[in-house]
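# Descriptive structure summary
This is what each chain is made of:
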Amino acid sequence: MDKASLTTLVMSVAGLSTEDVAGRTGPIPLSRSVPNVIGSDPHCCNITIGDCHISRRHAQVVYEENRFVIYDLGSSDGTYVNGRWVGIHQLQDGDRVQMGDTTLVFAVHT
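Residues numbered from 1 in each chain as written. Predicted model: local features only at pLDDT ≥ 70, side-chain atom pairs only at ≥ 80, totals over all residues. Heavy atoms only, no water.

## Some words on the pattern of salt bridges
Test applied: Salt-bridge detection follows one rule: a side-chain nitrogen of Lys or Arg within 4 Å of a carboxyl oxygen of Asp or Glu. Note on exposure labels: buried denotes an accessible area under 20% of the residue type's maximum, exposed denotes more than 50%, and partly exposed covers the range between, all computed with a 1.4 Å probe on protein chains only.
Using the criterion set out here, one finds 2 salt bridges in the structure. Ionic pairing is found between glutamate 65 and arginine 67, a salt bridge with its closest N-O pair at 3.8 Å. For glutamate 65, a relative accessible area of 69% gives the class exposed. Exposure remark for arginine 67: the relative accessible area of 27% places this residue in the partly exposed category.

Rendered as structure tokens:
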């Protein structure tokens, strides 16, 4: 069995209230089989965040080639990883992803 199949990957929400992430608190599991679309519109995103500076379809996290990659989807305010603007970025454990006034922490849990 490969190491990836033994690993649970989640995106933890840092400092958000329950209402800010579609009623969720704590870790948000990421899918390996479908894109994880992050934005403010619950009709087209599977991870919705109530932040007026987040675009309807802001970014997506995709599992490809045994890794998670974040793509900015042409958002108005951009997507930042560890303080740097990114269009595409391979996520590493502990990366801090900022969209609008929201910070997400990418965490790998085994």
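## Structural notes on the environment of isoleucine 88
Heads up, the rule is: Numbering goes from the N terminus for both helices and strands, where a helix is a DSSP run of H or I of at least four residues and a strand is a run of E of at least two. Between two residues, a contact is recorded if the distance between any of their heavy atoms is within 4.5 Å.
Assignment of secondary structure puts isoleucine 88 in strand E9 (residues 88-90). Using a relative accessible area of 58% as the deciding quantity, one classes isoleucine 88 as exposed. Remark: the alpha-carbon pair of isoleucine 88 and valine 69, spanning 19 residues in sequence, is separated by 6.9 Å. In contact with isoleucine 88, other than residues within four places in its own chain, are Val69, Ile70 and Tyr71.

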